[in-house]
There are 2 protein chains.
Amino acid sequence: MKLTCTQSELNTNLSLVSRVVPSRPTHPILGNVLFVADAETQKVTLTAFDLSLGIQTSFAAVVETSGKLTIPAKLLSDIVSRLSAGEITLSDTVNFDAEAGHLVTLISASGRYQMRGMSADEFPALPQVQSETAISLPVEALKQGLGSTLFATSPDETKQVLTGVHLTVGQDGIEFAATDGHRLAVVETKNLDEDNQEIEPFQVTVPTRALKELERMIATKQPTDAVMLYFEQGQLVFQEGEQRLTTRTLEGTYPAYRQLIPVQFQRQLTIDRKQLLGAVERIGVLADQKNNTVKFSIDSTNQQLSLSVEAQDVGSGQESMPIQATGDDLLITFNVKYLIDGLKTLATTEIQMLINTADTPVILVPLGELKMTYLIMPVQIIR
Amino acid sequence: MKLTCTQSELNTNLSLVSRVVPSRPTHPILGNVLFVADAETQKVTLTAFDLSLGIQTSFAAVVETSGKLTIPAKLLSDIVSRLSAGEITLSDTVNFDAEAGHLVTLISASGRYQMRGMSADEFPALPQVQSETAISLPVEALKQGLGSTLFATSPDETKQVLTGVHLTVGQDGIEFAATDGHRLAVVETKNLDEDNQEIEPFQVTVPTRALKELERMIATKQPTDAVMLYFEQGQLVFQEGEQRLTTRTLEGTYPAYRQLIPVQFQRQLTIDRKQLLGAVERIGVLADQKNNTVKFSIDSTNQQLSLSVEAQDVGSGQESMPIQATGDDLLITFNVKYLIDGLKTLATTEIQMLINTADTPVILVPLGELKMTYLIMPVQIIR
């Protein structure tokens, strides 16, 4: 293998795939990145894979000799990221001392580095998804779906399917859902191509970590770029241009969350989102000293919402703001963190809170185009 | 006590003093900030003190009723920093329930908070320095002195005086010195006022933590603003405008570092600083896998410097760059971290390395106005 490319191109692509490489690989080869250089297409493909999540990316390079090789990911990207802009040549020489293995040489304008590579034959193959039916999703819709649900997944590994985002793919769009058992975020994205009319609807739960990498991968793409989605039992592939992310899916039945969302409400509040967020964050300082809850007092007559907290031995706080409210007055208590998470994500100037009683699910929705539903359970206060 | 001020003024001043407040105070009162409001001068003074380091700051406010009170620092600054711009009123009401103590009420446009304060009588007094002789130092010189030495102090608390910066105050200026036993940074600052001609020279070692807070305190000041320095056995005070920092000094004899600095050199190299820093940082990636050392090979004939590292089982690296060199060729080894620290701080386009032999102290100096000396010991390699 011998190739020459720019520092910037190599650095960008290495940074993308290196994030998948585990810091303590279970097998040495998994700490490496696979380089495949093709003299015919003048392209280099990089692959990193931790047996669950894999990322592949290709870029143009001057390939003098085709070849395959794996190189220690952290070492290589630490050096490449510190090199000045300019050309880099990577080549391997099979060292005939079998124990020493492959030696990779990196040459830049300022110096020369050698690292021990490993044979590409040992590198595990990324799962191949045979499915010919691809679903196409605009980058914008995917960003919206991920950005509005990823925060609500459970970080607790024992929670199985709750550690992922559930995708319901239909002919009209994809619904993203995430819950950690305390709150639920659901977003419907439309905007699929007409080609998608052919597809078989399916449901799948995807690990949070893979979707966070996907978010990063598409961060710099154009809103209308299309991401292709291939699904086969146990595997999901996202492809955009030269970049491909492969992830295993989570096994197990996802909760039937739709039936948790009430269809009728006794009370409806319209509130300035930033004003409410600011008040909850300030009240949260005191709530943090106690059980992390804030009491909402809804006053329909005066069209006012009051937030309060009493932290014994520490202090108390109270904030008020004008709202538009229908329904009777109510006292209802919420967990500060779940409120703040939702208010940060909803991202419109105004939001609606849809409430029945002080001990049934409450829904927050943005007042805008995005079809998002955020459900939180009020906190039951023993009186 | 009753005062009204802007959120921005209160927030800025609280942030400054709160940094001194320990997160786990040995006595509850030390977790508080002392407020002193004076109706006559229409000023509020805030003080925080951990018995070693104290910061005091004053600002203008509408003081309706004079008074003193201490308020929990973290709670108050967490709330104030989250408030919107606008007016804030702080007042205390002595609660006649003796156990409950003072109640402080904060009123902003959006809400109302109450916190438990403690009597100002319990707050320890900042040490008073009687010395009438003040030394005046421009902010610029102080910034230079701190910025060029603080990094070289020892973080190891058992190292006593080495955990501080040593100041030698004379009639012509202040010399700042710091060493952790492996390297030494010395900076001479001039530019004292003529008034300083009267002062008695003295030497003092000041804890790193206090000087880091001082650095922060003067960060936004004008270069020519004067910082007044008052010294008395065991205490040092820095005062700039309305702000005052008081610190205990470190006891013990500071090493006689001047005698470590050679006066004659067999070799002198002039090197582009950023080029050398980049090379050392890249080589450092591989050195990190081994003993963190880099080998310098000085080639006077070709006016070239080569850096190299051999990390067995991992790889090797080599970089070269043009230099201006006098003296014979030499192989000499350095610790990567000490080199990088110095090269980052020297801050001129070119630097000089002054070398005698491979096992005697090496000096780095900037090629510019700043009178800085950075000494590192080469690493002895057993051959």
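My aim in this report is to walk through the structure given alongside it, one point at a time. Owing to the predicted nature of the structure, the values given are computational and were not obtained by experimental measurement.

1. Some words on the overall build of chain A
Then step 1. In terms of helices and strands, chain A carries 6 helices and 26 strands.
Then step 2. Taken over the C-alpha atoms alone, chain A extends approximately 85 × 55 × 35 Å along its principal axes.
Then step 3. The burial tally for chain A puts 55% of its 383 residues in the buried class.
Then step 4. Taking as baseline every contact in chain A between residues at least 6 positions apart, the subset at least 24 positions apart corresponds to 66%.
Then step 5. Taking the average location of the 30 positive side-chain charges in chain A and that of its 45 negative ones, the two points are 7 Å from each other.

2. Overview of the pattern of salt bridges
Residue and element names in this part refer to chain B.
Then step 1. According to the stated counting rule, one finds 30 salt bridges over all chains in the structure shown.
Then step 2. Of the charged contacts in the structure, one is a salt bridge between R282 and E319, with a shortest N-O distance of 2.7 Å. Residue R282 is found in helix α5 (residues 273-287), and its partner E319 is found in strand β21 (residues 315-322); the two are separated by 37 residues along the sequence.
Then step 3. D341 is the salt-bridge partner of K337, the closest N and O atoms lying 3.1 Å from each other. Of this pair, K337 and D341 both sit in helix α6 (residues 336-346), 4 residues apart, which is roughly one turn of the helix.

3. Regarding the environment of Q264 of chain B
Then step 1. Mapped onto the secondary structure, Q264 of chain B falls in the loop between β17 (243-248) and β18 (267-272).
Then step 2. In sequence terms Q264 of chain B and V104 of chain B are 160 residues apart; their C-alpha atoms lie 66 Å from each other.

4. Examining the relation of the copies chain A and chain B
Then step 1. The transform that puts chain A on chain B rotates by 180 degrees and translates by 0.0 Å along the axis, for an RMSD of 0.0 Å. Such a combination of rotation and displacement between the chain copies is what one expects of a two-fold axis. The position closest to the rotation axis in chain A is occupied by the C-alpha of S23 of chain A, lying 16 Å away.
Then step 2. A shared binding surface is used by both copies, with 100% of the interface residues of chain A retained as interface residues in chain B.

5. Observations concerning the side chain of T333 of chain B
Then step 1. Among the structural elements, T333 of chain B can be located in strand β23 (residues 330-335).
Then step 2. Leaving out residues up to four positions away in the same chain, T333 of chain B has contacts with T293, V294, K295, P378, V379 and I381 of chain B.

6. Focus: helix α6 (residues 336-346) of chain A
Residue and element names in this part refer to chain A.
Then step 1. Within α6, 9 of the 11 residues are buried, which leaves the element mostly enclosed by the surrounding structure.
Then step 2. Looking only at α6, the buried set comprises V336, Y338, L339, I340, D341, G342, L343, T345 and L346.
Then step 3. A side-chain oxygen of the first residue of α6 lies 2.8 Å from the backbone nitrogen of K337; this N-cap is N335.
Then step 4. The first or second residue beyond α6 is A347, which carries a positive phi of 65 degrees.

7. A word on the packing of aromatic side chains
Residue and element names in this part refer to chain A.
Then step 1. Counting across every chain of the model gives 8 aromatic pairs over all chains.
Then step 2. With a centroid separation of 4.3 Å and an interplanar angle of 10 degrees, the aromatic rings of F202 and F231 are classed as stacked. You can see F202 sitting in strand β14 (residues 202-207) and its partner F231 sitting in strand β15 (residues 226-232), a full 29 residues away along the chain.
Then step 3. Between the aromatic rings of Y254 and Y257, the centroid separation amounts to 6.1 Å while the plane-to-plane angle is 80 degrees, which identifies the pairing as edge-to-face. By the burial criterion, Y254 is buried, and Y257 matches it.

8. Overview of the interface of chain A and chain B
Then step 1. Counting from both sides, the interface comprises 28 residues of chain A and, opposite them, 28 residues of chain B.
Then step 2. Summed over both partners, the interface of chain A with chain B buries about 2,300 Å², with 52% contributed by carbon and sulfur atoms.
Then step 3. Of all residues in chain A, Y113, R282 and V285 of chain A bury the most surface against chain B, accounting for 26% of the area lost on that side.
Then step 4. Counting across the chain A and chain B interface gives 0 salt bridges.
Then step 5. At the level of secondary structure, the elements contributing two or more residues to the side of chain A that touches chain B comprise α2 (73-82), β9 (111-116), α5 (273-287) and β21 (315-322) of chain A.
Then step 6. Its residues assigned to classes, the side of chain A that touches chain B shows 10 nonpolar, 10 polar and 8 charged.
Then step 7. Relative to strand β9 (residues 111-116) of chain B, β21 of chain A is paired through 5 bridges, and the arrangement is antiparallel. Counted as the bridge partner of G315 of chain A is M115 of chain B from β9 of chain B.

9. Topic: the environment of K371 of chain A
Then step 1. The residue K371 of chain A is located in strand β26 (residues 371-376) in this model.
Then step 2. Distance in space between the C-alpha atoms of K371 of chain A and K190 of chain A is 9.5 Å, their sequence separation being 181 residues.

10. Points about the sheet that holds strand β4 (residues 53-60) of chain B
Each strand in a sheet pairs with another by means of backbone hydrogen bonds, the pair being arranged parallel or else antiparallel.
Residues and elements named next belong to chain B.
Then step 1. Strand order in the open sheet made by the 8 strands is β6-β2-β3-β4-β17-β16-β15-β10, with antiparallel pairing throughout. Either end of the sheet is taken by a strand with one partner, and the two such strands are β6 (67-72) and β10 (135-138). Shown here is a sheet whose adjacent strand axes are inclined to one another by a mean of 20 degrees, direction ignored.
Then step 2. Here helix α3 (residues 139-147) sits on the sheet in contact with β10, β15 (226-232) and β16 (235-240), set at roughly 80 degrees to β10.
Then step 3. Packed on one face of the sheet, helix α4 (residues 208-218) meets β4, β15, β16 and β17 and runs near 170 degrees to β17.

11. Points about the sheet that holds strand β22 (residues 324-326) of chain B
Residues and elements named next belong to chain B.
Then step 1. In spatial order, the strands read β14-β11-β12-β13-β26-β25-β24-β18-β22; together these 9 strands make up an open sheet with antiparallel pairing. The outermost strands of the open sheet, each flanked by one partner alone, are β14 (202-207) and β22. On average, adjacent strands in this sheet sit at an angle of 20 degrees to one another, irrespective of strand direction.
Then step 2. Pairing geometry for strand β24 (residues 350-355) and strand β25 (residues 362-366), over 4 bridges, is antiparallel. The residue of β25 that forms the bridge with I351 is P366.
Then step 3. The strands touched by α5 are β18 and β24; relative to β18, the strand with the most contacts, the crossing angle is about 90 degrees.
Then step 4. Sitting on the sheet, α6 touches β13 (183-189), β24, β25 and β26 (371-376), and the angle it makes with β26 is about 175 degrees.

12. Thoughts on the packing of helix α1 (residues 7-18) of chain A against α2 of chain A
Helix-helix packing is characterised by the crossing angle of the two axes and by the distance between the axes.
All names here are of chain A.
Then step 1. In the contact formed by α1 and α2, the axes pass within 9 Å of each other and the chain directions differ by 145 degrees. As for how α1 packs across α2, the hand of that crossing is left-handed. From α1, Q7, L10, N11, L14 and S18 reach across to α2, where they touch A73, L76, S77, V80 and S81.
Then step 2. Residues that form the contact of α1 with α2 fall into these classes: 5 nonpolar, 5 polar and no charged.

Conventions adopted
- Within each chain, residue numbers correspond to sequence positions counted from 1 in written order.
- The order in which chains are written sets their letters, starting at A; the order in which ligands are written sets their numbers, starting at 1.
- Note on the predicted model: pLDDT of at least 70 is required for a residue's local features to be given, and 80 or more for side-chain atom pairs to be given and counted; whole-chain, interface and lining totals, by contrast, use all residues.
- Just so you know, side-chain values use all the structure's heavy atoms and leave hydrogens and water out.
- Put simply, DSSP H or I for four residues or longer makes a helix, DSSP E for two residues or longer makes a strand, and each gets a number counted from the N terminus.
- Working definition: with a 1.4 Å probe on protein chains only, accessible area under 20% of the residue-type maximum means buried, over 50% means exposed, and in between means partly exposed.
- Residues count as neighbours in contact if any of their non-hydrogen atoms are within 4.5 Å of one another.
- The sign given to each residue is positive for Lys and Arg and negative for Asp and Glu; His and the chain ends receive no count.
- The location of each charge is read from NZ of Lys, CZ of Arg, CG of Asp or CD of Glu.
- Any Lys or Arg side-chain nitrogen located within 4 Å of an Asp or Glu carboxyl oxygen qualifies as a salt bridge.
- Least squares is the method for superposing the copies, and the C-alpha atoms it fits come from residues with pLDDT of at least 70 in both.
- Contacts described as polar in this section are N or O atom pairs within 3.5 Å, which, within protein, must combine one atom able to donate a hydrogen with one able to accept it, while residues neighboring in sequence count only if both atoms come from side chains.
- When two rings of Phe, Tyr or Trp (its six-membered ring) have centres within 6.5 Å they constitute a pair, described as stacked for plane angles under 30 degrees, edge-to-face for angles over 60, and tilted for the intermediate range.
- Buried area is a sum: the accessible area each of two parts loses on coming together, probed at 1.4 Å, counted once for each and added.
- Only Asp, Glu, Lys and Arg are considered charged, only Ala, Val, Leu, Ile, Met, Phe, Trp, Tyr, Cys and Pro nonpolar, and every remaining residue, Gly among them, polar.
- Strand pairing follows a simple DSSP-based rule, namely that at least 2 bridges must link the two strands.
- Note on method: axes are straight lines fitted to C-alpha atoms, helices fitted across the in-contact stretch only, with angles between N-to-C directions ranging 0 to 180 degrees.
- What makes a crossing left-handed is the near helix being turned counterclockwise from the far one by less than a right angle; a clockwise turn instead makes it right-handed.

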